[in-house]
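Read off the chains here:
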Amino acid sequence: MHIVVCVKQVPDSAQIRVHPVTNTIMRQGVPAIVNPYDLFSLEAALQLKDRHGGRVTVISMGPPQAEAALKKCIAYGADEAILVTDRAFAGADTLATSFALASAIRQIEKDLRVDLVFTGKQTIDGDTAQVGPGIARRLGMQLLTYVSQIDTLDLDAGNIRVRRRAEGGVQLLETRLPCLITMLEGTSDMRFATMENMFRAARYQTRIWDKDAAGIEDTGKIGLKGSPTLVSKVFAPKPLSRRADIIDTESHEPRDLALTLVGKLFTQHPELRDSLAQQDA
Amino acid sequence: MTQANPAPAARKPAGRASYELDDRLKAYQGVWVFIEHEQGHVHPVSWELLGEGRTLADTLGVTLSGVVMGAPGLPTRRFCEEALFHGADNCYLIADSVLASYRNAPFTLGLTHLVNHYQPEILLLGATTQGRDLAGSVATTLETGLTADCTELSIDMDNRGLAATRPTFGGSLLCTIVTRNYRPQMATVRPRVMAMPARDPSRSGHIIEFPLDMVEDEIVTKVLEYLPDQTQGKPQLPFADIIVAGGRGLKKPENFQLVWNLARVLGAEVGATRPVVQANWVDSERQVGQSGKTVRPKLYIAAGISGAIQHRVGMEGADVIIAINNDPDAAIFEFAHYGIVGNAMTILPALTETFRQQIALARKAG
């Protein structure tokens, strides 16, 4: 069995700060991490490999430094890693990204047939959730998004059963391989890297593919040129013009503050008082 | 990737102003909203999108249409009528038994064919598990632009293009995204971001049926079963009338009990910020903000919450916001309606007791 897992290196958004004067992102010192949602998919892939054997190939499109994210995946237990990197990819939106990754996966297939592709449900920097569905579409694979559990995988019959999160419930779905899966968060804890795999990752020679190696001929489909969407402006959210009515009392006692606040609230918003009074006691 | 790493400001502000649409693309007209339903219920985000779509269509001077796909029968027809009541001028309907439960392949095929046939300039979907699954597939098939999780949609009258604004970098900044020489322009919007339009049952319009052109044998993925969620006991934040939320200012997980106490007196749901959820004080279902839920309650009480953008984008649509924070310079006082500068650990119990008494008084008076 051969599984391809797509990962992305992202800035740790919890640590991003905006410069208070220039309103630009302060990138310095923000650590780059493997997109956390991708790890749920990598773990699911590694669990399938534990059970069924086979190979897990991780692939990423990004700048040369994204190799660090791939090495991390090798340390977790992935077998092979490919970094698809080329200046021609700069400015790619999700449509152009899915084109490049789908093309690279077709190249991987020339080496060994791919049974399953995994992507994260979304990234924490773009938050679009569009690249996974895009790759599936381009490869003509069945798409299973927001999977909370893989129930069975039958390699001989070539089919898989999963539980998919829907809005008001869970769908039990059965489909044929090859297919593309995006895992829901919280489905499993990422395993610890073993000493052996960490050593392997340190020595591992990541395969670096440019656009030609990824089998891309039509440069009109990648990078800025292949991107229908364009960022026309980036800006800081407008501070709202209102300023809170700060409740103050002479005593500064919590009880007085609370009474003044509730009094004002019920006078200025009688509808709130009425609906609260109508609730069951 | 543009949406993640916006072009540096030094580059020319591409996308603004002048570009000429191909004649082929000028034929694309009208605003469409995909009406999403599951288990016999339309997701309210669809009505919210019709409200927003109405404004866009009126600005452009074009028709607003709903799109309903589902099994033949009464409910899908009723959904079309409801779409008209919520602002659509007409509604497209693809009714086929293979559409009984949502599946990517037949829904992608149906919506793609419908778009190619009638050529709308804008197509909006809810940013739900169904809407995102479908939007990504349809946009790739049509090879057009799709902007996810928009918080604001407007028309750039210079070129009649859709300007879609969304948070970026985890909500620290906003960016406006345009789709140049591609149609339709697609966007998804999360539930509760847009206001619910008024329902007007006197509105009417045409229901236009369209064939699917796919049979069950051609569909690889089968739905074996659907297990509805046990909604009882599960938090329903997006549709709560009152929310009491706590943040890191509460210092210790034990102190979060004070939030629960106030919530009980108000019959409110409990919300939380990302750091509090990441520290496992409360369930992730209760996270409010860019990476959590978007809420629009009548009353939002924020205790020990500084008001980071990531949180603000999820709750600024509340009718009334009360903030309690010991830092008078906290960002939350910039957009709250009422504020108390003080220690949330002492203010919350006082507020709980005062609300209990005042509600009892109001009940007697009423």
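Residues numbered from 1 in each chain as written. Chains lettered and ligands numbered in written order. Predicted model: local features only at pLDDT ≥ 70, side-chain atom pairs only at ≥ 80, totals over all residues. Heavy atoms only, no water.

1. A closer look at the overall build of chain B
Defined as follows: A run of H or I in DSSP becomes a helix once it reaches four residues, and a run of E becomes a strand once it reaches two; helices and strands are each numbered from the N terminus. With a 1.4 Å probe rolled over the protein chains alone, any residue whose accessible area is under 20% of its type maximum counts as buried; one over 50% counts as exposed, and the rest are partly exposed. We call two residues contacting when some pair of their heavy atoms lies within 4.5 Å. The protein chains shown are the only cover counted for residues, whose accessible areas, like all others here, come from Shrake-Rupley with a 1.4 Å probe.
Along its length, chain B carries 9 helices and 18 strands. Across its three principal directions, the C-alpha atoms of chain B cover 65 × 55 × 40 Å. Every one of the 366 residues in chain B was classed for burial, and the buried ones make up 59%. A sequence separation of at least 24 residues applies to 68% of the contacts in chain B between residues at least 6 apart. Total accessible area computed for chain B in this model is approximately 14200 Å², and 50% of it derives from carbon and sulfur atoms.

2. Notes on the packing of aromatic side chains
For clarity, the cut-off: What counts as a ring pair is set by centres within 6.5 Å for rings of Phe, Tyr and Trp (its six-membered ring), and what kind of pair is set by the plane angle: stacked under 30 degrees, edge-to-face over 60, tilted for all other angles. Either the NZ atom of lysine or the CZ atom of arginine qualifies as a charge over a ring when it sits within 6 Å of the ring centre and within 35 degrees of the ring normal.
Inspection of the entire model under this criterion finds 6 aromatic pairs over all chains. On the basis of an interplanar angle of 45° and a centroid distance of 4.8 Å, the ring pair of tryptophan 32 of chain B and tyrosine 92 of chain B is categorised as tilted. Of this pair, tryptophan 32 of chain B sits in strand β1 (residues 31-35) while tyrosine 92 of chain B sits in strand β5 (residues 90-95), and the two are 60 residues apart along the sequence. Summarising the burial analysis for this pair, tryptophan 32 of chain B and tyrosine 92 of chain B share the class buried. Considering the side-chain rings of tyrosine 102 of chain B and phenylalanine 107 of chain B, the 4.9 Å spacing of their centres and the 55° angle between planes classify their relative orientation as tilted. The pair formed by tyrosine 102 of chain B and phenylalanine 107 of chain B is uniform in burial state, with each residue classed as buried. Among the aromatic residues, those joined into a ring-pair cluster are Trp32, Tyr92, Tyr118 and Phe210 of chain B. The cationic tip of lysine 233 of chain A hangs over the ring face of phenylalanine 235 of chain A; the distance from NZ or CZ to the ring centre is 4.9 Å. The cationic tip of arginine 312 of chain B hangs over the ring face of phenylalanine 335 of chain B; the distance from NZ or CZ to the ring centre is 5.3 Å.

3. A few points about the sheet that holds strand β8 (residues 116-120) of chain A
Condition: Here, a strand pair is defined by DSSP locating no fewer than two bridges between the strands. Each axis is a line fitted through C-alpha atoms, and for a helix only the stretch in contact is used; angles between axes span 0 to 180 degrees, taken between their N-to-C directions.
Spatially, 10 strands are ordered β13(A)-β7(A)-β6(A)-β1(A)-β8(A)-β12(A)-β9(A)-β10(A)-β11(A)-β13(B) in an open sheet, and the strand pairing comes out mixed. Looking at the sheet topology across the chains shown, the edges are occupied by β13 (207-209) of chain A together with β13 (222-228) of chain B. Sheet twist, expressed as the average angle between the axes of neighbouring strands with direction ignored, equals 30°. Across 6 bridges, strand β9 (residues 142-154) of chain A lies against strand β10 (residues 159-165) of chain A in antiparallel orientation. Bridge pairing in β10 of chain A links aspartate 154 of chain A to asparagine 159 of chain A.

4. Overview of the interface of chain A and chain B
Note the threshold: As used here, buried area is the combined drop in accessible area, with a 1.4 Å probe, of two parts when they are placed together. Throughout this description, the term salt bridge denotes a Lys or Arg side-chain nitrogen within 4 Å of a carboxyl oxygen of Asp or Glu. We call two N or O atoms a polar contact when they sit within 3.5 Å, provided that within protein one can donate a hydrogen and the other can accept it, with sequence-adjacent residues counted only if both atoms are side-chain atoms. Residues are grouped as follows: Ala, Val, Leu, Ile, Met, Phe, Trp, Tyr, Cys and Pro are nonpolar; Asp, Glu, Lys and Arg are charged; every other residue, Gly included, is polar.
On the chain B side, the residues contacting the 89 residues of chain A number 91 residues. Summed over both partners, the interface of chain A with chain B comes to about 8400 Å²; 59% of that surface belongs to carbon and sulfur atoms. Sorting the residues of chain A by area buried against chain B places Arg137, Glu167 and Leu230 of chain A first, and these three jointly supply 8% of that buried surface. Summed over the shared surface of chain A and chain B, the result is 5 salt bridges. Our count for the chain A to chain B interface comes out at 41 residue pairs in polar contact (both at pLDDT 80 or more). Ranked by residue count, the leading element in the side of chain A that touches chain B is helix α6 (residues 254-268) of chain A, at 11 residues. For the side of chain A that touches chain B, the per-class residue count stands at 42 nonpolar, 22 polar and 25 charged. As paired strands, strand β11 (residues 169-176) of chain A and β13 of chain B are joined by 6 bridges and run antiparallel to one another. Residue pairing across strands places leucine 172 of chain A opposite glutamate 225 of chain B, the latter belonging to β13 of chain B.

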